[in-house]
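Fold and geometry: a report
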Amino acid sequence: MMDAAADNGGECRAAQVVGADGEMDGAAMERFAAAAGLPSRGLSYAVVSILGPQGSGKSTLLNHLFGTSFTEMDALKGRHQTTKGIWIAKAVGIEPFTVVLDLEGTDGRERGQDDTAFEKQSALFALAVSDIVIINLWCHDIGREHAANRPLLRTVFQVLMRLFSPRKTTLLLVVRDKTKTPLEFLTQALKEDIQKIWDSVQKPEAYKEAALSEFFNVEVTALSSYEEKEELFKEQVGQLRQRFYHSIEPGGLAADRRGVIPASGFCLSALQIWKVIRENKDLNLPAHKVMVATVRCEEIANEKLRHFLSDKGWLELDAAVKSGPVLSFGSRLRAILDSYLSEYDMETMYFDEGVRTAKRQQLESSMLDHTYPALETVIEHLHVVALNKFKSDLDQSLRSREGFAVAVRQCAQAAIVEFDAGLRDAVVKHVEWDASKVRNKLQDHIQTHVESVRNAKLAELKANYEKLLSDGLAGPVQSLLETGERDSWACIRRLYRRETENAALAFLASLSEFDLDHTISSKMVSDLREHARSVVEMKSREEAGNVLMRMKERFFTVLSRDRDSMPRTWTGDEDLRTITREARLAALRLMSVMAAIRLDDKPDKIDRALITALLDGGPFSQKRSVEFTYDPLASSTWEEMSPRDTLITPVQCKSIWRQFKAETEYAVAQAMSMQEAHRRSKNWLPPAWTILLLAILGYNEFMFLLRNPLYLLGLFVAFVLSYAIWLQYDVTAYFRHGTISALLTILSRLLPTIIEIVTAIVNMSHSQKKHSANRSHHPPTLHAQIFKNQTWGQGQVQYESPDSPSSSSSSVDSNNNGDES
């Protein structure tokens, strides 16, 4: 930037307009304005000045910020006054045209302790003529009285309001050599100081209630150390330089242009303002002893603060606090603070009382600021201990079956008492401690835990009662629906009301221990009732989904069993038509029961509609009820039934009935076939005329057999063998699989069967002879007995199906056959 300034020639060189003696050089001002081209700028220009202590780097900052060529202090030759009076220069490369004023540093030793009139005059001049005033201050001077120019600003504000018509000026506070303290904290502290200065000055009557923001726009920025972090310093200055571009436009640093004069009259206006300032006699110094007291008390206070921060007792206490709760924290910290405050009082007892008291308060505040994190940690430990105590006590109380609300009150009160006792032990007398916030925080956390536990308990209680209702309703409702009787829904309603009322009363009694609001408890009981209804609805819809299967089961039960639940034997005497109607009527009533939910005592016509439309209009009756003059099932809703309570719509009932009839027709046809077969089996004898004709035509053959007994014996043996073979094989079963297959099977097994029969007869005859010879009472052999039972007694024989590789058994009762033999 310095190079850029040099390239522009002499027209941009800095010029001294106010000398060290306080006299303004009007000619030098005019020469600068003419060389820089200021008069032709009209209103498009801005004026920037800088204030700050001597040797604080004001000129260095301006040169880097605006490309000016103000003389800078050489630190290698010692710290001394460099800028004397007031210098002026033009900013390089910044639009709009910017005039830069470099003022002599304040608090310089060259002018002496008592001669601060020039400082105030130059500061007042800068505020009067500038759009932007840069206040350059060290970071470690923030909070100090004189080092931060607070007395100077106070006096300048007061005189400025009285001597000149105030204009909106931007105060840009530049914090040099920024430390680790966050910029937002520095900004807050500086703005509070400026506000306090403004509030303390005496203002003219016209501006008595005026706010600082009406005349000053306070901005704060920070820069790193130029000597230690030069590159970072230049980078930050470059960012700050951007803010001066277009500074007079809306939103810029010099946006407020009230009272601005044309550029051609700037030099004359500056001369008149300086003349007024020089002739004013109200800019006096503060008392010398106050200044000395301020400096010395501040030094002592800073020294005590450093000693306190390195105090062994404080460091041990701080470390102990971080590891856990510390007993008597407040008394131990109080003793350490009192020792350093007493030392401060002893060393400052001869200084000005007002200054001494103010610095003591600052020292006490600073020490408390450093101890506050430790105090917060102690309070956090107390908070955790009290909250854990509450949780454990509450858990133990609930396990001992105490009422929830009573247990919460007792445990919370015990935890708060213990917390308050810990607070009294932790706080120090130097702080006016308001424990309400931390106590409220603990109470909030206790309440949060209580809500969590209460919600968990209520959820568990609700789940238990819902399960109780589900167990008490689901099974019985399903059973009642399966019966399909006329009073099924009446029984379900009684069951539903009884179970629901019992559960609701018990649930409400259980909720009383939680001390809930009446609205909340009523809502929970209402939800429980709704759950009971939902259980009934769920089981009803589940059964309705299986209605076709249930109808077929009911139909087959009524069709195949009599009133005593004994299996029917279709002998041909039963009224199959009536039985079929009864079976279908039972199935239809089952569908009627499952067609809709009837938890209200409202009558309905579903049963009658189904019987009339599906049964009375069927083939079993030509009579139709006059109650329905149209098809009652040609609808998607039931009369007097809400859609919520409808399980099976009329149209669906019609479709289910068609499917039901199609799937049960076979059973009816099979029963009819069995009746017909039974009637035929009773008429197995041929007609009488056939028997008479056979007797007449077979008379000769009959007489032939009587005359030849051997033929008769042969016929008898053939009959016995045929009957034995008939018992050995299920000949009827063989012929069901085809005539040829049956004949082949019988022929293939005929010879082995005859041999087995003959062998059994021989063995039986031999056994009888042996029995007679030995006069023995032993039973016949097992094989002979088996054969005898198979042939003549009440025995069972095995038959083998021709279409199966293995034999299957069937029992055949042969009592009647044996008698016939």
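Preceding this paragraph is the structure being described.
For every chain, the first residue of its written sequence is number 1, and the numbers climb from 1 along that sequence. Note on the predicted model: pLDDT of at least 70 is required for a residue's local features to be given, and 80 or more for side-chain atom pairs to be given and counted; whole-chain, interface and lining totals, by contrast, use all residues. Side-chain calculation: all heavy atoms of the structure are included, whereas hydrogens and water are not.

**Comments concerning the pattern of salt bridges**
Basic side-chain nitrogens of Lys or Arg form a salt bridge, by our definition, when they fall within 4 Å of a carboxyl oxygen of Asp or Glu. Under the criterion given, the structure shown has 34 salt bridges. Glu 451 is paired through a salt bridge with Arg 454; the nearest N and O atoms lie 2.9 Å apart. Separated by three residues within a single helix, Glu 451 and Arg 454 lie in helix H14 (residues 436-483), roughly one turn from each other. Buried means the residue's accessible area, taken with a 1.4 Å probe over protein chains only, is under 20% of the maximum for its type, while exposed means over 50%, and partly exposed covers the values in between. You can call Glu 451 partly exposed: its relative accessible area is 32%. Between Glu 482 and Arg 550 there is a salt bridge; the shortest N-O distance is 3.0 Å. Of this pair, Glu 482 sits in helix H14 while Arg 550 is found in helix H17 (residues 547-560), placing the two residues 68 residues apart along the sequence. Of the residues examined, Glu 482 reaches a relative accessible area of 29% and is grouped as partly exposed. You can call Arg 550 buried: its relative accessible area is 16%. Connected via shared salt-bridge partners are Glu 530, Arg 533, Glu 537, Arg 644 and Asp 645. In DSSP terms, a helix is any run of H or I states spanning at least four residues, a strand is any run of E spanning at least two, and both are numbered starting from the N terminus.

**Quick word on the pairing of strand S7 (residues 216-222)**
Of all seven residues that make up S7, five are buried, and the element is covered over most of its length. If DSSP finds at least two bridges between two strands, the strands pair. Examined bridge by bridge, strand S6 (residues 169-176) and S7 share seven bridges and lie parallel to one another. Along S7, the bridge assignment pairs Val 174 with Thr 221.

**A word on the side chain of Arg 176**
As for its position among the elements, Arg 176 is in strand S6. His is not counted here, nor are the chain ends, while Lys and Arg score as positive and Asp and Glu score as negative. In this structure Arg 176 is buried but unpaired, with Asp 177 as the nearest side chain of opposite charge at 5.2 Å. Polar contacts, as used here, are pairs of N or O atoms within 3.5 Å; protein pairs need one atom able to donate a hydrogen and one able to accept it. Residues neighboring in sequence count only if both atoms are side-chain atoms. A distance of 3.0 Å separates a polar side-chain atom of Arg 176 from the backbone oxygen of Gly 57. For Arg 176, the residues in contact, after removing those within four places along its chain, are Ser 56, Gly 57, Lys 58, Leu 61, Asn 136, Leu 137, Trp 138, Cys 139, Leu 223, Tyr 226 and Phe 233. Whether two residues are in contact is decided by their heavy atoms: any pair within 4.5 Å suffices.

**Section: the pairing of strand S2 (residues 45-51)**
Of all seven residues in S2, seven are buried, a share of seventy percent or more. Covered by surrounding structure in S2 are Tyr 45, Val 47, Ser 49 and Leu 51 together with Ala 46, Val 48 and Ile 50, the residues of both alternating faces. With six bridges connecting them, S2 and strand S4 (residues 97-103) associate as parallel partners. The partner of Ser 49 across the bridge, within S4, is Leu 101. Inspection of the sheet shows S2 paired to strand S5 (residues 132-138) by four bridges, in the parallel sense. Along S5, the bridge assignment pairs Ser 49 with Val 133.

**A closer look at the sheet that holds strand S3 (residues 86-90)**
Strand order across the open sheet formed by seven strands is S1-S3-S4-S2-S5-S6-S7, with mixed pairing between neighbours. Edge positions in the sheet fall to strand S1 (15-18) and S7, since each of these pairs with one other strand and no more. Put simply, the sheet's adjacent strands are angled 25 degrees from each other on average, direction ignored. A fitted line through C-alpha atoms serves as each axis, taken over the contacting stretch for helices, and the angle formed by two N-to-C directions is quoted from 0 to 180°. Strands in contact with helix H4 (residues 117-129) are S1, S2, S3, S4, S5, S6 and S7; relative to S4, the strand with the most contacts, it is inclined by about 170 degrees.

**Here's the deal with the packing of aromatic side chains**
Paired rings are identified among Phe, Tyr and Trp, the last through its six-membered ring, by centres lying within 6.5 Å, and are further divided according to the angle between planes into stacked (under 30 degrees), edge-to-face (over 60) and tilted (the rest). Tallied over the full model, the rule gives 14 aromatic pairs. Pairing Trp 198 with Phe 216 gives two aromatic rings, centres 5.9 Å apart and planes at 75 degrees, and the pair type is edge-to-face. Here Trp 198 is found in helix H6 (residues 183-200), whereas its partner Phe 216 is found in strand S7, with 18 residues between them in sequence. Here Phe 216 falls in the buried class, since its relative accessible area comes to 4%. When the ring of Tyr 226 is compared with that of Phe 233, the centres are 5.0 Å apart and the planes differ by 70 degrees; the resulting orientation is edge-to-face. Accessibility expressed as a relative area gives 25% for Tyr 226, which makes it partly exposed. An aromatic cluster of three or more residues is present, and its members are Phe 555, Phe 556, Trp 657 and Phe 660.

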